[in-house]
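Each chain, letter by letter, is given below.
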Amino acid sequence: MHTIQHDSAHQRFTTEVDGHPARVDYTFDPTGAVMAITHTIVPPEIGGRGIAGALVQAALEHARAQGWKVDPQCSYADAWMRRHPEFDALRA
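Every value quoted in this text rests on a predicted model; they were computed, and no experiment measured them.

Engineer: Just checking my understanding: could you explain the overall build of the chain for this structure?
Structural biologist: A count of helical and extended segments in the chain gives two helices and five strands. Each helix (α) and strand (β) of the chain, taken in turn from the N terminus, gives the series β-β-β-β-α-β-α. Expected size for 92 residues packed as a compact globule is a radius of gyration near 12 Å; at 12 Å, the chain falls within 12% of this value. With respect to the principal axes defined by its C-alpha atoms, the chain has extents near 35 × 30 × 20 Å. For the chain, the residues scored as buried account for 37% of the 92 residues in total. The long-range fraction of contacts in the chain, counting pairs at least 24 apart against all pairs at least 6 apart in sequence, stands at 40%.

If you want it as structure tokens, here you go:
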């Protein structure tokens, strides 16, 4: 499992694997109640290890804990949510 940090000041969840940083970026709608996942960035050097999925899951679990809805604007986050129906209730 990867150690994932929440960098709320920069609105992202981050990890580093084999010296390569990876992240999920997010923003909020004007109400502050909907987290929009805007980018999932995992360098090719560390791809294929489930890192992107772990980052998206961490973001979704944080949103759930905060009572936020999620708008998966990033195509990867949207596809990940479709493959994990246990997060359907979070979808904005």
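Engineer: What is the right way to read the nonpolar core from this model?
Structural biologist: Looking at soluble globular proteins, one finds that nonpolar side chains tend to be buried together. In this structure, F13, M35, I37, L60 and V70 are the most contacted members of the largest nonpolar core, which totals 23 residues. Within the residue set of this core, elements represented by two or more residues are β2 (12-17), β3 (20-28), β4 (34-41), α1 (51-66) and α2 (75-83). Per-element tally for this core: the top contributor is α1, with seven residues. Leaving out residues up to four positions away in the same chain, L60 has contacts with I37, V70, W80, M81, F87 and L90.

What counts and what doesn't
Residues numbered from 1 in each chain as written. Predicted model: local features only at pLDDT ≥ 70, side-chain atom pairs only at ≥ 80, totals over all residues. Heavy atoms only, no water. Helix = DSSP H or I, 4+ residues; strand = E, 2+ residues; numbered from the N terminus. Rg over C-alpha atoms; globule rule 2.2 N^0.38 Å. Buried < 20%, exposed > 50% of the residue type's maximum accessible area, 1.4 Å probe, protein only. Contact = heavy atoms within 4.5 Å. Core = buried A, V, L, I, M, F, W, Y, C linked by side-chain atoms within 4.5 Å.

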